[in-house]
Amino acid sequence: PNFGASLHMLKVEIGGDGQSTDGTEPSHMHYENDENYFRGYEWWLMKEAKKRNPNIKLIGLPWTFPGWIGKGENWPYDYPDVTAYYVVSWILGAKQYHDLDIDYVGIWNERAFSSKYIKLLRYTLDKHGLQQVRIIASDRLWEPISFVLLTDSELHGVVDVIGAHYPGTKTVPSALLTKKKLWSSEDYSTFNDEVGAGCWARILNQNYVNGNMTSTIAWNLVASYYEELPFGRCALMTAQEPWSGHYKVEAPIWITAHTTQFTQPGWSYLQVDGHLEGGGSFVALTDGLGNLTIIIETMTHNHSQCIRPPLPLFSVKPQRATFYLKGSFFMVETLQVWHSRLGFESGNTSLFQQLHPVKVQKGSFSLDLNVDEVYTLTTLKTGQKCGCPEPPPPQPFPSNYKDDFNIRNPPFSEAPNFADQTGVFEYFVNASDPGDHVFTLRQVVVQRPITWASDADQTISVIGNFQWVNITVTCDIYIEKQHDGGVFIAGRVDNGGIYVRRTKGVFFWVFADGTYRVTGDLAGEEILMKGLSGVRDNAWHTLTLNIQGTSASGLLNGYPLWENVTISKPSHGWAAIGTRSFEFAQFDNFHVE
């Protein structure tokens, strides 16, 4: 609180083993008889957030679900009792294993909702003593959820918040008629330069001014994924180099502070018309105890366009604005002032600077507002702009990188720097191995999940520097699936995230039937070379892929297996490992140079 972005709320994905935009997040239940509340990074993230702000609100929302939930169908509502049990297990596990209280739970991100399921979710929560967990629906559009709430009184009784995505600061009459809290439960998603900051400043105010929304949630918190994946740097700040420790506190962080450092959950918006005559907007909030915070923004159209939806033209001009404080606020004598100016081409940007307090005379004060500015005026004296040490300088991904996965008690379930794009790759202990391969990395999703995006039919995890051209990848591999199992190593991998199905690159496959293939795509349709390898399942083999210029070659157990395969495109990309299908397989002694 009162530091940096000073966030009020953290919304996390309830991992479901499927692709959710920039990667897969592991489920707490890969299989029906499986439960583990120590996978992925969200438990760690929520605990770190609570250390800094014990009052931060927590929200969980699934994008995808493990395949067993749908019993073979790509749909989570055929067995709503199973889905409710699965989601409630996650909430109970958060408390039991991490002492985390989840405040809100969603239904299914940007996909259909089922009224029967929502009612059953409420019943299941209550049955487990989780009456305090509130339900938000439906993380899509205002309709049809608002209409259904107005026509189904039982559903109206169990949904606490209507959450819409990218509402463009507008709501609809039926949503207002429900008298529910209205939230923009996912918004922003814009490149975090000054235009992104302008977008964020505008919607933080105008979601309430135009749309009566009392919460706005930014996708996403921090860009800690390879920038060339979809929506690179569409976050409040950037920290995408764990190997160097470099990060950047971007402008949207300080825009956030204008609101979050001077309000708290539980404060109320004053019901005033927040449109300024010369363009721009203001909101006013109170804690009901005499404190008042006013936030003003004057973002111009071209300097505040979000990624979606399209922004209709409007004009903003410099103006003098006079504010009148009435009722209990008439007694306020001075207001603290915090100011930001987005400079754009002029370069004279100034972020979250404290200015001289404003004197309130006979309940009124005036301000000269320029364009592309944010002001906070407040009775609170707590704001601060921290002076923090400079982060380490940026570095490219190491050009010689090894991981033998030999770690007895890993802090996370997944190996660093590997970015799973279909399937989930986890540290694994081979208790029966004589010694060379006790600690490995294993692909563990063996049934296609209930998907949110177009996951590939193969599993894949990417790693490294997207600009790599000439590379050698070596990895020990172990096929577990008999007959039609298979694994690959790859280079010049050009895609991931929601576009993973169309991934191209140079893929070196070996299969349990003793054959190999070289393909130009993850789907395995563009065959560049094939033949016999002698590889079999349930035995360790070493694959090496060498790509130099327009030529590639492959080694098996250190001996040439194929060579002089001509590569035209892609011209560069990541390294990767993966499997032919949703199947168990292991990897060890990964090395890329």
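Remember, predicted model here, so these are calculated numbers, not experimental data.

**As for the overall build of the protein**
Phase 1: Secondary structure summary: the protein contains eight helices and 33 strands in total.
Phase 2: C-alpha extents for the protein along the principal axes are approximately 90 × 55 × 40 Å.
Phase 3: Residues classed as buried in the protein amount to 60% of the 593 residues present.
Phase 4: Taking the intrachain contacts of the protein between residues at least 6 apart in sequence as the baseline, contacts between residues at least 24 apart amount to 69%.
Phase 5: For the protein, the accessible surface area stands at approximately 24,900 Å², while carbon and sulfur atoms represent 52% of it.

**Brief notes about helix α1 (residues 42–52)**
Phase 1: Within α1, the full set of buried residues consists of Glu-42, Trp-43, Leu-45, Met-46, Glu-48 and Ala-49.
Phase 2: Its buried side turned inward, α1 meets β1 (9–14), β2 (57–62) and α2 (80–98).

**Re the UniProt feature "domain: Glycosyl hydrolase family 59 central" (unreviewed entry) in the protein**
Phase 1: Here, the residues flagged by UniProt with the feature "domain: Glycosyl hydrolase family 59 central" (unreviewed entry) are residues 269–384.
Phase 2: Spanning residues 269–384, this segment combines 0% helix with 42% strand, and its end C-alpha atoms are found 23 Å apart.

**Points about the packing of aromatic side chains**
Phase 1: For the coordinates displayed, the defined rule picks out 38 aromatic pairs.
Phase 2: Seen in terms of ring centroids, Trp-44 and Phe-412 are 5.9 Å apart; in terms of plane orientation they differ by 75 degrees. Their pairing is edge-to-face. Separated by 368 residues along the polypeptide, Trp-44 in helix α1 and Phe-412 in the loop between β19 (401–403) and β20 (419–422) bring together distant segments of the chain.
Phase 3: Here the aromatic rings of Tyr-226 and Trp-574 are separated by 5.8 Å at their centres, their planes lie at 45 degrees, and the arrangement is tilted. Residue Tyr-226 is located in the loop between β8 (222–223) and β9 (237–241), and its partner Trp-574 is located in strand β32 (residues 574–579); the two are separated by 348 residues in the primary sequence.
Phase 4: Taken together, the ring pairs in this structure connect Phe-65, Trp-68, Trp-75, Tyr-77, Tyr-86, Trp-108 and Tyr-117 into an aromatic cluster.
Phase 5: When the ring centre of Phe-428 is taken as reference, the NZ or CZ atom of Arg-442 above it lies at 4.3 Å.
Phase 6: Against the face of Phe-511 rests Arg-580, its NZ or CZ located 4.2 Å from the ring centre.

**Topic: the sheet that holds strand β13 (residues 292–297)**
In a beta sheet, neighbouring strands are held together by backbone hydrogen bonds and run either parallel or antiparallel to one another.
Phase 1: Taken together, six strands build an open sheet; the order of strands is β11-β12-β13-β18-β15-β16 and the sheet is antiparallel. The sheet terminates laterally at β11 (268–269) and β16 (350–359), the two strands that pair on one side only.
Phase 2: Pairing analysis gives two bridges linking β11 to strand β12 (residues 281–286), with the strands arranged antiparallel. Residue pairing for β12: Ser-268 is matched across the bridge by Thr-286.
Phase 3: Across the sheet, helix α7 (residues 194–209) lies against β11, β12, β13 and β18 (373–378), angled at about 70 degrees from β12, the strand it touches most.
Phase 4: Along the sheet, helix α8 (residues 251–260) makes contact with β13, β15 (334–341), β16 and β18, crossing β16 at roughly 25 degrees.

**Notes on the pattern of salt bridges**
Phase 1: With the rule as written, the count across this model stands at 18 salt bridges.
Phase 2: With a shortest N-O distance of 3.3 Å, Glu-250 and Lys-248 are connected by a salt bridge.
Phase 3: The exposure class assigned to Lys-248 is partly exposed, which follows from its relative accessible area of 45%.
Phase 4: Residues joined in a network through salt bridges with shared partners are Asp-34, Arg-39 and Glu-426.

**Comments concerning unusual backbone geometry**
Phase 1: Following Ala-137, the chain continues into Ser-138 via a peptide bond in cis, with omega recorded as -5 degrees.
Phase 2: Considering the arrangement of structural elements, one finds Ser-138 in strand β4 (residues 134–140).
Phase 3: The amide bond that connects Trp-219 to the next residue, Asn-220, takes the cis arrangement and shows omega of 5 degrees.
Phase 4: Position of Asn-220 relative to the elements: it lies in the loop between β7 (215–219) and β8.
Phase 5: The phi dihedral of Asn-212 falls on the positive side, at around 60 degrees, and the residue is not glycine.
Phase 6: With respect to the helices and strands, the residue Asn-212 is situated in the loop between α7 and β7.
Phase 7: The class of Asn-212 is partly exposed, set by a relative accessible area of 37%.

The rules behind the values
- Residues numbered from 1 in each chain as written.
- Predicted model: local features only at pLDDT ≥ 70, side-chain atom pairs only at ≥ 80, totals over all residues.
- Heavy atoms only, no water.
- Helix = DSSP H or I, 4+ residues; strand = E, 2+ residues; numbered from the N terminus.
- Buried < 20%, exposed > 50% of the residue type's maximum accessible area, 1.4 Å probe, protein only.
- Contact = heavy atoms within 4.5 Å.
- Areas by Shrake-Rupley, 256 points an atom, 1.4 Å probe, with all protein chains shown as cover.
- UniProt positions renumbered as here; feature names shortened; annotations may be inferred.
- Phe/Tyr/Trp six-rings, centres within 6.5 Å; stacked < 30°, edge-to-face > 60°.
- Lys NZ or Arg CZ within 6 Å of the ring centre and 35° of its normal.
- Pairing = 2+ DSSP bridges.
- Axes fitted to C-alpha atoms, helices over the stretch in contact; angles between N-to-C directions.
- Salt bridge = Lys/Arg side-chain N within 4 Å of Asp/Glu carboxyl O.

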